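# Chain and residue survey
As a plain string of letters, each chain reads:
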Amino acid sequence: MSESATAAAAKSPHDGPPDPASEQPATTGSAGRRLAFARLRDLALIPAIIVMAIVGQLVNPVFLQPDNLINVLQTMSEIALLVLAQTLVLIVKKMDLSLESTVGLAPGVAAWLTVPVGAAHGVGLLPGAWSIPVTLAVGLLIGVVNALFIIRFGLNGFIVTLGMLIVLRGILTGISGGQTFFQLPESMLYLGTTQWLGMPASVWICLILFAIGIVVLGFTSFGRSLYAIGGNVDAAKAAGIRTDRVLWIVIVTASVLAALSGLLLSGRLASVASAQGNGYIFTVFAAAVIGGISLNGGKGTVFGAFTGILLLFLIQNVLTLGGVPAQWIGALNGGIILVALALSRITGGKAQD
């Protein structure tokens with residue numbers, strides 16, 4: 001790789017890939033200002049989270065009780081993994097709608113194969129210990145199929161994953177007979193029910209994976225490659241980035257994360273419903289958008305996405321404690337997306353179309 005390409009790839013990921021103007025030598029002062037602004041954007045939702053905590057405590061004193069906060073984090077952790085997965089995909093300027101169906105089908109196939117015969121359509125072909133490997137393998141397979149259509153055949157990612165969403169939902173309905181799998185093996189329940197150091201295992205898994213995501217996207221050449229591809233795939237190829245390989249990794253990783261999310265959810269509920277995951281994608285996009293992830297690709301951070309889903313769940317918890325009907329929460333998510341897009345227009349100069 002040439003010196004100029006290396007310098008372009010080393011640009012701060014918060015600012016996206018290099019553009020022609022950025023190829024001019026930059027002063028130390030201007031670079032420092034860009035870095036400071038990127039960090040400021042990362043912290044943009046922190047004041048809102050603090051305000052929401054205060055409002056929640058005023059609405060109901062239960063809000064700041066440890067049990068309530070742990071419950072919020074545990075229920076958030078499952079969808080948070082979907083937000084992490086979608087963040088990776090959006091940064092490279094792709095979109096994966098099938099993640100919500102993967103949440104249901106991956107653990108659904110594992111339950112179908114491991115639940116004893118006669119218990120909610122289980123066939124009992126595999127011992128319970130295989131449930132976790134099967135769940136992750138199904139997620140991996142779904143990611144491979146998505147990547148094959150999108151990258152190898154060059155099809156539109158939105159249409160491909162929309163079709164995959166419908167196919168996966170139909171398969172889960174077929175193998176479950178429209179019923180709910182129960183009597184899950186202990187291995188499927190473990191991650192959703194056990195506690196590590198006084199905190200649900202699912203919360204630790206979520207925090208660890210987000211921490212890994214922050215490090216990879218913020219401090220590695222692979223992370224910079226994602227931003228470069230999302231900003232301008234042709235420029236990324238010219239800089240020597242193996243774009244197809246990076247896209248394969250991102251799409252497959254996102255599906256595996258969705259499968260893991262489904263495993264955590266199934267473990268907590270001790271069941272796999274035929275409609276598991278339906279509608280999750282709307283919450284995922286709401287969290288990503290308010291967290292600063294651009295739908296145009298090449299912008300946003302993992303930390304921003306985390307604060308987005310945290311703020312969203314805090315708002316939902318406050319509404320629940322305040323007695324607001326659950327039916328209104330969906331409308332709230334849509335409203336938040338519209339407000340976030342408007343704010344993006346004001347602060348960034350253009351909307352995240």
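Attention in this report is confined to the structure presented alongside it. All values derive from a computational prediction rather than experimental measurement. (Residues numbered from 1 in each chain as written. Predicted model: local features only at pLDDT ≥ 70, side-chain atom pairs only at ≥ 80, totals over all residues. Heavy atoms only, no water.)

## Side note on the overall build of the chain
The secondary structure content of the chain amounts to 15 helices and 2 strands. Within the chain, residue pairs in contact and separated by at least 24 positions form 75% of the contacts whose partners lie at least 6 positions apart. Accessible surface, the chain: about 16,300 Å² in total, of which carbon and sulfur atoms supply 68%. (Helix = DSSP H or I, 4+ residues; strand = E, 2+ residues; numbered from the N terminus. Contact = heavy atoms within 4.5 Å. Areas by Shrake-Rupley, 256 points an atom, 1.4 Å probe, with all protein chains shown as cover.)

## Comments concerning the nonpolar core
Side chains that are nonpolar tend, in soluble globular proteins, to be buried together. In this structure, Leu 184, Leu 226 and Ile 309 are the most contacted members of the largest nonpolar core, which totals 90 residues. Broken down by element, this core gets its largest block of residues, 13 residues, from helix α4 (residues 66–91). Residues contacting Leu 184, with those up to four places away along its chain left out, are Ala 111, Val 115, Leu 189, Ser 266, Ala 270, Ser 271 and Val 272. (Core = buried A, V, L, I, M, F, W, Y, C linked by side-chain atoms within 4.5 Å. Buried < 20%, exposed > 50% of the residue type's maximum accessible area, 1.4 Å probe, protein only.)

## Regarding the packing of aromatic side chains
Under the definition given, this model contains 2 aromatic pairs. With centroids separated by 6.0 Å and ring planes inclined at 50°, the aromatic side chains of Phe 149 and Phe 153 adopt a geometry described as tilted. Their ring planes at 65° and their centres at 5.2 Å tell us that Phe 210 and Phe 306 sit as a pair that is edge-to-face. With Phe 210 in helix α9 (residues 201–219) and Phe 306 in helix α14 (residues 302–321), this residue pair connects regions lying 96 residues apart in the sequence. Its relative accessible area of 15% is what places Phe 306 among the buried residues. (Phe/Tyr/Trp six-rings, centres within 6.5 Å; stacked < 30°, edge-to-face > 60°.)

## Thoughts on the environment of Arg 224
Within the secondary structure, Arg 224 sits in helix α10 (residues 221–231). Residue classification places Arg 224 among the partly exposed residues on the basis of a relative accessible area of 23%.

## Overview of the environment of Ser 202
You can see Ser 202 is positioned in helix α9. Residue Ser 202 is classed as buried on the basis of its relative accessible area of 1%. Remark: the alpha-carbon pair of Ser 202 and Glu 78, spanning 124 residues in sequence, is separated by 7.4 Å. Leaving out residues up to four positions away in the same chain, Ser 202 has contacts with Gln 74, Ser 77, Leu 191 and Leu 264.

## As for a nonpolar patch on the surface
A contiguous nonpolar surface patch, about 350 Å² in accessible area, is contributed by Leu 148, Phe 149, Phe 153 and Leu 155. Mapped onto the secondary structure, Phe 149 falls in helix α6 (residues 131–152). (Patch = residues over 30% accessible without salt bridge, like charges linked within 9 Å, V, L, I, M, F, W, Y side chains within 5 Å. Salt bridge = Lys/Arg side-chain N within 4 Å of Asp/Glu carboxyl O.)

## Description of the packing of helix α5 (residues 99–114) against α6
Two quantities define a packed helix pair, namely the angle between the axes and the distance from one axis to the other. Relative to each other, α5 and α6 sit at 140°, their axes nearing to 8 Å. Taken together, the axes of α5 and α6 lie oblique to each other. Regarding α5 and α6, the two cross each other, and that crossing is right-handed. Packed against α5, whose contacting residues are Thr 102, Leu 105, Ala 106, Pro 107, Val 109, Ala 110, Leu 113 and Thr 114, the element α6 presents Ser 131, Val 134, Thr 135, Val 138, Gly 139 and Ile 142 at the interface. (Axes fitted to C-alpha atoms, helices over the stretch in contact; angles between N-to-C directions. Parallel < 35°, antiparallel > 145°, perpendicular 65-115°, else oblique. Left-handed = near helix turned anticlockwise from the far one by under 90°.)

## Overview of α6
Over its 22 residues, α6 extends 30 Å from the first C-alpha to the last, a length consistent with the 32 Å expected when each residue adds 1.5 Å. Inspection of α6 places Ser 131, Val 134, Thr 135, Val 138, Gly 139, Ile 142, Gly 143, Asn 146, Ala 147, Ile 150 and Ile 151 among the buried residues, and these make up the whole buried set. Taken together, the buried residues of α6 touch α5, α7 (157–176), α8 (186–193) and α12 (243–269). Of the residues trailing α6, Gly 154 is marked for its positive phi of about 65°. (Expected span 1.5 Å × (residues − 1).)

## A closer look at the pattern of salt bridges
Two side chains that carry opposite charge are able to pair once their charged atoms sit near each other. One pass over the structure, following the stated rule, counts 2 salt bridges. Between Arg 169 and Glu 100 there is a salt bridge whose closest N-O contact spans 2.3 Å. Of this pair, Arg 169 sits in helix α7 while Glu 100 sits in helix α5, placing them 69 residues apart in sequence. Its relative accessible area of 28% is what places Arg 169 among the partly exposed residues.

## Here's the deal with the packing of α10 against α12
Packing of α10 against α12 leaves a shortest axis separation of 10 Å and a crossing angle of 105°. Between α10 and α12, the angle falls in the class roughly perpendicular. Of α12, the residues touching α10 (which contributes Phe 222, Ser 225, Leu 226 and Ile 229) are Thr 243, Val 246, Leu 247, Ile 249 and Val 250. For the contact of α10 with α12, the per-class residue count stands at 7 nonpolar, 2 polar and no charged. (Nonpolar A, V, L, I, M, F, W, Y, C, P; charged D, E, K, R; others polar.)

## Some details on unusual backbone geometry
The phi torsion of most residues other than glycine is negative, and most of the peptide bonds are trans. Positioned with a positive phi, Lys 93 is a non-glycine residue whose angle comes to about 65°. In this structure, Ala 270 is a non-glycine residue whose phi angle is positive, near 60°. Residue position: Ala 270 is located in the loop between α12 and α13 (280–290).

Purely geometric numbers; function is a separate question.
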